[in-house]
Amino acid sequence: MRIAEIFRSRQGEGFLTGTESIFVRFSGCNLRCRFCDTPYASWNPEGENLALPEVLARIENLAAKDDRASVGHVVLTGGEPMLFAGVVPLSHELRRRGWHITIETAGTRYLPVACDLMSISPKLSNSTPPREERPGWARRHDQRRHAPDVIRRLTGEYPYQIKFVVDSPAACEEAQRYLDEFPGIDRSRVMLMPEGTDPVVLAAAERWLAPYCAQRGLHFCPRRHIEWFGLVRGT
């Protein structure tokens, strides 16, 4: 498995915001989002090729560091962790050891993983990279970003949350049209999250996005890790 980083921090998005967790970031992605804030796991993938025992050892070591109580949550993220066959035995071994497992995915690939919370972030048209700058990737990104059969399978087989990254009211309406395709998705598990990596920009977006979510029975999803740490690796 190619791993960009393994670190301990607090979850900054979704239903488990604030939960102390170990993060395992896989390096490699089948998409190229315009607003990707981890280019070292997508546009310019970095990392080490690690075997399963080494990944598990690093997780266990981080869990008990600084003589604090061990954490019980692991987040498998990326990049796109569902690209890697190694995520299957890793997730099942974590389950055997009693970890709570969240998997962060764009919902374009399926693997038979063990997972307690499938955190799905479907990509809207605002994610496509500039066509004039990256014509090949723009085409591939648009071809790959929507996989309805995968979305149905993930939401049918696992506990889930859905997070859309939005930058305008038009993107919010696109998210609503996206959901119309999936009447089985529980709207109480859907979140709209502002695009941005600057706390000032995120705060400005919250002023219009939070009321929009409240009016439509959706959750507003802040990016607390940006508020807490800034855009810094290992957080």
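This structure is a prediction, so every number in the text was calculated from the model and none was measured.

## Section: the nonpolar core
Counting 53 residues, the largest nonpolar core has Leu76, Val113, Met118, Phe164 and Leu192 as its most contacted members. Ignoring any residue separated from it by four or fewer positions in sequence, one finds methionine 118 in contact with Met82, Ile103, Thr105, Val113, Leu154, Tyr158, Pro159, Tyr160 and Gln161. Membership of the second largest hydrophobic core comes to six residues, among which are Cys33, Val165, Met191 and Cys221.

## Quick word on the environment of phenylalanine 26
Mapped onto the secondary structure, phenylalanine 26 falls in strand 2 (residues 20-26). Owing to a relative accessible area of 0%, phenylalanine 26 belongs among the buried residues under this scheme. Between the alpha carbons of phenylalanine 26 and isoleucine 6 there is a distance of 9.0 Å; along the sequence they are 20 residues apart.

## Description of helix 3 (residues 135-144)
Restricting attention to buried positions, one finds in helix 3 the residues Trp137, Ala138 and His141. Buried residues of helix 3, viewed axially, fall in a sector of 105°; they line one side.

## Some words on helix 5 (residues 169-180)
An ideal rise of 1.5 Å per residue puts 16 Å on 12 residues; helix 5 measures up with 17 Å between its terminal C-alpha atoms. Every buried residue of helix 5 is accounted for by Ala171, Cys172, Glu174, Ala175, Tyr178 and Leu179. Along the axis of helix 5, the buried positions cluster into a sector of 160°, meaning they face one direction only. Among the exposed residues of helix 5, those oriented more than 90 degrees off its buried face are Ala170, Arg177 and Asp180. The inward-facing, buried residues of helix 5 contact helix 4 (148-157), strand 7 (160-166), strand 8 (190-194) and helix 6 (199-215).

## Quick look at the packing of aromatic side chains
Taken as a whole, this structure holds six aromatic pairs when the rule is applied. Centroid distance phenylalanine 7 to phenylalanine 23: 5.0 Å. Interplanar angle 5°. Geometry classified as stacked. Here phenylalanine 23 lies in strand 2 and phenylalanine 7 lies in strand 1 (residues 2-10), a separation of 16 residues in the sequence. For phenylalanine 7, a relative accessible area of 7% corresponds to the buried category. Judged by its relative accessible area of 10%, phenylalanine 23 falls in the buried class. Ring plane angle 35° and centroid distance 5.2 Å describe the contact between phenylalanine 26 and phenylalanine 84, whose orientation is recorded as tilted. In this pair, phenylalanine 26 sits in strand 2 while phenylalanine 84 sits in the loop between strand 4 (73-77) and helix 2 (87-96), placing the two residues 58 residues apart along the sequence. Here the two residues phenylalanine 26 and phenylalanine 84 agree in accessibility, since each one is buried. An aromatic cluster is built from Phe164, Tyr178 and Phe182, whose rings are joined through pairwise contacts. Positioned above the aromatic ring of tyrosine 212 is the side chain of arginine 216, whose terminal nitrogen or guanidinium carbon lies 3.7 Å from the ring centre.

## Some thoughts on the sheet that holds strand 6 (residues 117-120)
Sheet architecture is open: nine strands sit in the order 3-1-2-4-5-6-7-8-9, paired in mixed fashion. With partners counted over all chains shown, the strands left at the sheet margins are strand 3 (48-49) and strand 9 (219-220), one partner each. The pairing of strand 5 (residues 100-105) with strand 6 spans four bridges and is classified as parallel. Each residue of the ladder has a partner; that of threonine 102, found in strand 6, is leucine 117. Sitting on the sheet, helix 4 touches strand 5, strand 6 and strand 7, and the angle it makes with strand 6 is about 150°.

## Let's talk about the packing of helix 5 against helix 6
Between helix 5 and helix 6, whose axes approach to 11 Å, the crossing angle comes to 25°. By the angle between their directions, the pair helix 5 and helix 6 is classed as roughly parallel. Crossing angle aside, the handedness with which helix 5 passes helix 6 is right-handed. For the pair helix 5 and helix 6, contact is made by Pro169, Cys172, Glu173 and Gln176 and by Trp208, Leu209 and Tyr212, respectively. Taken together, the residues of the contact of helix 5 with helix 6 sort by class into five nonpolar, one polar and one charged.

Criteria and cut-off values
- Residues numbered from 1 in each chain as written.
- Predicted model: local features only at pLDDT ≥ 70, side-chain atom pairs only at ≥ 80, totals over all residues.
- Heavy atoms only, no water.
- Core = buried A, V, L, I, M, F, W, Y, C linked by side-chain atoms within 4.5 Å.
- Buried < 20%, exposed > 50% of the residue type's maximum accessible area, 1.4 Å probe, protein only.
- Contact = heavy atoms within 4.5 Å.
- Helix = DSSP H or I, 4+ residues; strand = E, 2+ residues; numbered from the N terminus.
- Arc of directions from axis to C-beta.
- Expected span 1.5 Å × (residues − 1).
- Phe/Tyr/Trp six-rings, centres within 6.5 Å; stacked < 30°, edge-to-face > 60°.
- Lys NZ or Arg CZ within 6 Å of the ring centre and 35° of its normal.
- Pairing = 2+ DSSP bridges.
- Axes fitted to C-alpha atoms, helices over the stretch in contact; angles between N-to-C directions.
- Parallel < 35°, antiparallel > 145°, perpendicular 65-115°, else oblique.
- Left-handed = near helix turned anticlockwise from the far one by under 90°.
- Nonpolar A, V, L, I, M, F, W, Y, C, P; charged D, E, K, R; others polar.

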